[in-house]
Amino acid sequence: MEEATNTESAQSRILIKGGKVVNDDQSFFADVYVEDGIIKQVGTNLVIPGGARTIDAKGKLIIPGGIDTHTHMQLPFMGTVAVDDFYHGTKAALAGGTTMIIDFVMPKKGESLVEAYEKWRGWADEKVCCDYSFHCAVSWWSDKVAEDMETLCKEKGVNSFKVFMAYKDVLMLEDAEMYQCFKKCKELRAIAMVHAENGHLIAEKTDEIVGAGIMGPEGHLMSRPEEVEAEATNRAIMLANQSNCPMYIVHVMSKSAADVVARARKQGKVVFGEPIAASLGTTGIHYFDRCWRHAAGHVLSPPLRPDTTTPEYLMDLLANNDLQLTGTDNCTFNADQKALGKDDFRRIPNGVNGVEDRMSVIWEKGVASGKMDPCRFVAVTSTTAAKVFNVYPKKGRIAVGSDADIVLWDASATRTISSKTHHHNCDFNIFEGMVCHGVAKVVISGGRVVLDEDGLHVTQGNGRFVSNPCNAEFVYGRINNRDELIKPVGVQREPYEGKVIDIANGAPAPEPVRSQNIITNDNTDFHSRPKTAGGARHLQDSTFAFDGHQIDDRSPRKSGTKVSQPPGGKSSIW
Ligand SMILES: NC(=O)NCCC(=O)O
Ligand SMILES: [Zn+2]
Ligand SMILES: [Zn+2]
């Protein structure tokens, strides 16, 4: 590497020479010239203004900086606060080649989403060393929440909302609330994300495990079996599909949950699956370790799986696009914080590291193992995230006009992961001792060199908030068409002229007439929908039958439209 000619120009003008550019769709040898935080030229024989710092990339890959789709920096959680704050967390990210994180605003039940967002912005803006954006959790449901979602989408740069099917009484939503939330997401063209575990069953099983006298970290695993994750994953996808809303399953931890995602995609559903560094890199056998601290250090939800073939299986699905992108769920706690649950696994703060090591772990287990090529590596660590969260090609690509978030990746170098050398603010690393091929040698974040042979040079507050606009084409392209196709269409028929029994004198009420006339298109399978028979859409004759009245479905039903009662004056089942 050559020295900078002067500090000012070195900050703003950088020439990366002699490397191989790798994007998600192609790789090629080219030089890359950066000025004022933007990639200005990509090619050979570039004409470069004076004063640029030249970085030798010979033998290295020039890849878009990683995007970690799932972090929880300084999250207040389970009575304490995650120790990787927005400074330490983003510093660790940059050290490992991740130049953007997407963190979660986590309002409590009853709390305003917009106020929580402002609080999180206040925490993050002054500390972040790399660019970042926010998802927002929806931990309760009301008209006010729906309004806040709209404000976040339209004014605050948030395009994704996470609901929890677990953490009963704290964050969990019921099915009907989730369905409402997904409908709102769809209306806003936002992405619905789900923490998929059956919270009711976990509560039951937890009582059973505690009743059996098991209080150690293995109890955490035992109370949350794989099946409980798979069932919730299926239910989340079903609820989203019924609202024609795209579904994003966060932290896919098990083979069975991954299979559910893969099957739904084969059925044509718009679903994305996010395994994390932890589920791709390690297993749940650690919960049975004799050292309490070691076992507790691996506690997160859903838990790591004791089936030791899980990481390889998830990596195969990731390589083949059954799963699409990766995060970490980085949410770190020190030994003394984990020790809140030393006598009771229910009180161990949930969360593990990952943001620094994700890129190397995926290279080692995915590329070095021969499962995926470098282009796919770029897709699953960066580009697909940029596309899903609608910041592509500003992020996730080495191209003229893109942000200069660039990593010089050395595929043949190795590093050994350890809590003694990592940049996290915590005293434990779930990948301790793992030797990984694939090392970030130079990292450029927003046009600044933040990692080179001299080490890390990060600055608090240098990262910027990135707005994620709604209606990502990558996500909503198919949804918009389907909205038209799945509108309910009734069957046109002559009114029934025959006899109707008289129930005025106490005879039992028949089923409401409504059920005879309405045909609701089954929108669960877009491939097998009938084209012409009952249920198909007739645009010219589009009517909706309700109690024998024909209502034109091309204009929305006005509020106050009279709907007649079924014979007998009751529409109930009594
Ligand atoms: N995953 C975890 O254990 N902690 C963070 C909160 C969440 O994502 O569920
Ligand atoms: Zn979660
Ligand atoms: Zn999380």
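The structure displayed is predicted, hence computed values, not measured ones.

## What to know about the site of ligand 1
Point 1. Neighbouring ligand 1 are the residues His72, His195, Leu300, Ser301, Asp329, Cys331, Asn350 and Gly351.
Point 2. Its residues assigned to classes, the shell around ligand 1 comprises 2 nonpolar, 5 polar and 1 charged.

## Focus on the pairing of strand β10 (residues 131-138)
Point 1. Burial runs high along β10: 7 of the 8 residues are buried.
Point 2. Bridging between strand β9 (residues 98-105) and β10 involves 6 bridges; their strand directions are parallel. Counterpart to Phe104 in the pairing with β10 is His135.
Point 3. For the crossover that starts at β9, traverses helix α3 (residues 113-125) and ends in the parallel β10, the hand is right-handed.

## Examining the UniProt feature "modified residue: N6-carboxylysine" (unreviewed entry) in the chain
Point 1. Taking the UniProt record as the reference, the feature "modified residue: N6-carboxylysine" (unreviewed entry) is found at Lys162.
Point 2. Here Lys162 shows up in strand β11 (residues 160-164).
Point 3. Non-local contacts of Lys162, meaning those with residues more than four positions away in its chain, are made with Phe104, His135, Ala137, Val138, Met193, Val194, His195 and Val250.

## Some words on the sheet that holds β11
Point 1. Spatial ordering of the open sheet is given by β6-β9-β10-β11-β12-β13-β14, a layout of 7 strands whose pairing is parallel. Across the chains shown, the open sheet's two edge strands, defined by having one partner strand only, are β6 (66-71) and β14 (271-275). Neighbouring strand axes in the sheet, compared pairwise and without regard to direction, differ in orientation by 25° on average.
Point 2. Lying on the sheet, α3 is in contact with β9 and β10; it crosses β10 at an angle near 150°.

## Here we look at the packing of helix α14 (residues 358-367) against helix α15 (residues 374-388)
Point 1. In contact at an axis separation of 11 Å, α14 and α15 are set at 140° when each is read in the N-to-C sense. Classified by the interaxial angle, the pair formed by α14 and α15 is oblique. The hand of the α14/α15 crossing is right-handed. Contacts between α14 and α15 involve Met359, Ile362, Trp363, Gly366 and Val367 on the former and, on the latter, Pro374, Phe377, Val380 and Thr381.
Point 2. Grouping the constituent residues of the contact of α14 with α15 by class yields 7 nonpolar, 2 polar and no charged.

## Quick notes on the pairing of strand β15 (residues 406-416)
Point 1. In this structure, strand β5 (residues 61-64) lies alongside β15, joined through 4 bridges in antiparallel fashion. Bridging across to β15, Ile62 finds its partner in Leu408.

## Some points on unusual backbone geometry
Point 1. At the junction of Ser301 and Pro302, the peptide bond is cis and its omega measures out at -15° in the coordinates.
Point 2. Locating Pro302 in the fold gives a position in the loop between α11 (292-296) and α12 (310-319).
Point 3. With an omega of 5°, the peptide bond between Tyr392 and Pro393 qualifies as cis.
Point 4. Structurally, Pro393 can be placed in the loop between α15 and β15.
Point 5. The phi dihedral of Asn45 falls on the positive side, at around 50°, and the residue is not glycine.
Point 6. Structurally, Asn45 can be placed in the loop between β3 (38-43) and β4 (53-56).
Point 7. The exposed category is assigned to Asn45, around which 5 C-beta atoms lie within 10 Å.
Point 8. You will see that Asn390, though not glycine, has its phi angle at about 65°, which is positive.
Point 9. Inspection of the secondary structure assignment puts Asn390 in the loop between α15 and β15.

## Some points on the nonpolar core
Burial of nonpolar side chains together is a common tendency in soluble globular proteins.
Point 1. Ranked by size, the top nonpolar core spans 156 residues in total, and within it Ile62, Ala192 and Met247 carry the most contacts.
Point 2. Residues in contact with Met247, not counting those within four places in the same chain, are Ala192, Val194, Ala236, Ile237, Ala240, Val270 and Val271.

## Side note on the UniProt feature "domain: Amidohydrolase-related" (unreviewed entry) in the chain
Point 1. UniProt tags residues 62-449 as "domain: Amidohydrolase-related" (unreviewed entry).
Point 2. Along residues 62-449 the backbone is 38% helical and 19% strand, and the end-to-end C-alpha distance reaches 14 Å.

## Considerations on the environment of Lys17
Point 1. Tracing the sequence through the fold places Lys17 in strand β1 (residues 13-22).
Point 2. C-alpha separation for the pair Lys17 and Gly354, spaced 337 residues apart in sequence, amounts to 31 Å.

## Details of α3
Point 1. Helix length check: α3 (13 residues) gives 18 Å between terminal C-alpha atoms against 18 Å at 1.5 Å per residue, within 8%.
Point 2. Within the span of α3, buried status applies to Leu113, Val114, Ala116, Tyr117, Trp120 and Ala124. Buried residues of α3, viewed axially, fall in a sector of 155°; they line one side. Among the exposed residues of α3, those oriented more than 90 degrees off its buried face are Glu115, Glu118 and Gly122.

## Section: helix α8 (residues 226-242)
Point 1. With 17 residues, α8 ought to run about 24 Å at 1.5 Å a step, and its terminal C-alpha atoms sit 25 Å apart, in line with that.
Point 2. The complete set of buried residues in α8 reads Glu226, Val228, Glu229, Ala230, Ala232, Thr233, Ala236, Ile237, Leu239, Ala240 and Asn241.
Point 3. Elements in contact with the buried residues of α8: α5 (175-188), β12 (191-195), α6 (199-211), β13 (247-252), α9 (255-266) and β14.
Point 4. The first or second residue beyond α8 is Asn244, which carries a positive phi of 50°.

## Thoughts on the confidence of the model for the chain
Point 1. With 86% of its residues at a pLDDT of at least 70, the chain reaches an overall mean of 89.
Point 2. The low-confidence segment residues 514-574, where pLDDT is below 50, has 81 contacts with residues more than four positions distant or belonging to other chains.

## Overview of the environment of Lys395
Point 1. Considering the arrangement of structural elements, one finds Lys395 in the loop between α15 and β15.
Point 2. Assessed through the 24 C-beta atoms surrounding it within 10 Å, Lys395 is described here as buried.
Point 3. Once the C-alpha coordinates of Lys395 and Lys60 are considered, the two residues, 335 residues apart in sequence, prove to be 20 Å apart.
Point 4. Once residues within four sequence positions are removed from consideration, Lys395 is found in contact with Ile67, Met100, Ala386, Asp403 and Asp405.

## What to know about the environment of Lys127
Point 1. With respect to the secondary-structure elements, Lys127 resides in the loop between α3 and β10.
Point 2. For Lys127, a count of 20 C-beta atoms within 10 Å gives the class buried.
Point 3. In sequence terms Lys127 and Thr459 are 332 residues apart; their C-alpha atoms lie 8.4 Å from each other.

Cut-off values and rules
- Residues numbered from 1 in each chain as written.
- Chains lettered and ligands numbered in written order.
- Predicted model: local features only at pLDDT ≥ 70, side-chain atom pairs only at ≥ 80, totals over all residues.
- Near = placed C-beta within 6 Å.
- Nonpolar A, V, L, I, M, F, W, Y, C, P; charged D, E, K, R; others polar.
- Buried ≥ 20, exposed ≤ 12 C-beta atoms within 10 Å, placed from the backbone.
- Helix = DSSP H or I, 4+ residues; strand = E, 2+ residues; numbered from the N terminus.
- Pairing = 2+ DSSP bridges.
- Right-handed = clockwise from strand over helix to strand, strands pointing away.
- UniProt positions renumbered as here; feature names shortened; annotations may be inferred.
- Contact = placed C-beta atoms within 7 Å.
- Axes fitted to C-alpha atoms, helices over the stretch in contact; angles between N-to-C directions.
- Parallel < 35°, antiparallel > 145°, perpendicular 65-115°, else oblique.
- Left-handed = near helix turned anticlockwise from the far one by under 90°.
- Core = buried A, V, L, I, M, F, W, Y, C linked by C-beta atoms within 7 Å.
- Expected span 1.5 Å × (residues − 1).
- Arc of directions from axis to C-beta.
- pLDDT = per-residue confidence, 0-100.

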